[in-house]
Amino acid sequence: MNNRPTPIFEAIREMLVHTLDLQVDPRELSAETALFGALPELDSLGVVALVAAMEDRFDIVVEDDEFGEQLFETVGTLTAFVDDKLAAA
């Protein structure tokens, strides 16, 4: 199995660090890195900023009914969501 990060995964990591002003190197974030509830920076305003950044960067729309804890559970769940949105486009 290929464990090399995908371009979308790398973009998500960089977006998280930049948008939430995290004091870590993006490479420190793995697919299993917990997000919502684990990062104080990912509060309600952080979620809005992150969704706006994702919509701009990937030219997707995150519908209201797609918001939920599962979406922001880990870096991997966020990446899978963007992968699915892009595949459906």
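Preceding this paragraph is the structure being described.
Rules of the game
Residues numbered from 1 in each chain as written. Predicted model: local features only at pLDDT ≥ 70, side-chain atom pairs only at ≥ 80, totals over all residues. Heavy atoms only, no water. Salt bridge = Lys/Arg side-chain N within 4 Å of Asp/Glu carboxyl O. Helix = DSSP H or I, 4+ residues; strand = E, 2+ residues; numbered from the N terminus. Buried < 20%, exposed > 50% of the residue type's maximum accessible area, 1.4 Å probe, protein only. Axes fitted to C-alpha atoms, helices over the stretch in contact; angles between N-to-C directions. Parallel < 35°, antiparallel > 145°, perpendicular 65-115°, else oblique. Left-handed = near helix turned anticlockwise from the far one by under 90°. Contact = heavy atoms within 4.5 Å. Nonpolar A, V, L, I, M, F, W, Y, C, P; charged D, E, K, R; others polar.

Asks: Talk me through the pattern of salt bridges; I want residue IDs and the actual numbers.
Replies: On inspection of all chains with the given rule, the structure shows two salt bridges. Glu66 serves as the salt-bridge partner of Lys85, at 3.1 Å between the closest nitrogen and oxygen. Highlighted residues: Lys85 in helix 3 (residues 75–88) and Glu66 in the loop between helix 2 (44–58) and helix 3, separated in sequence by 19 residues. By relative accessible area, Glu66 is classed as partly exposed at 26%.

Asks: Give a description of the packing of helix 1 (residues 7–20) against helix 3 that names residues and reports values.
Replies: Contact geometry of helix 1 with helix 3 gives a least axis separation of 9 Å together with a crossing angle of 125°. Put simply, helix 1 runs oblique to helix 3. Crossing handedness for the pair helix 1 and helix 3: right-handed. On helix 3, the residues touching Ile8, Phe9, Ile12, Arg13 and Leu16 of helix 1 are Val75, Leu78, Thr79, Val82, Asp83 and Leu86. For the contact of helix 1 with helix 3, the residue count by class is eight nonpolar, one polar and two charged.

Limitation: the analysis is restricted to geometry and does not speak to function.
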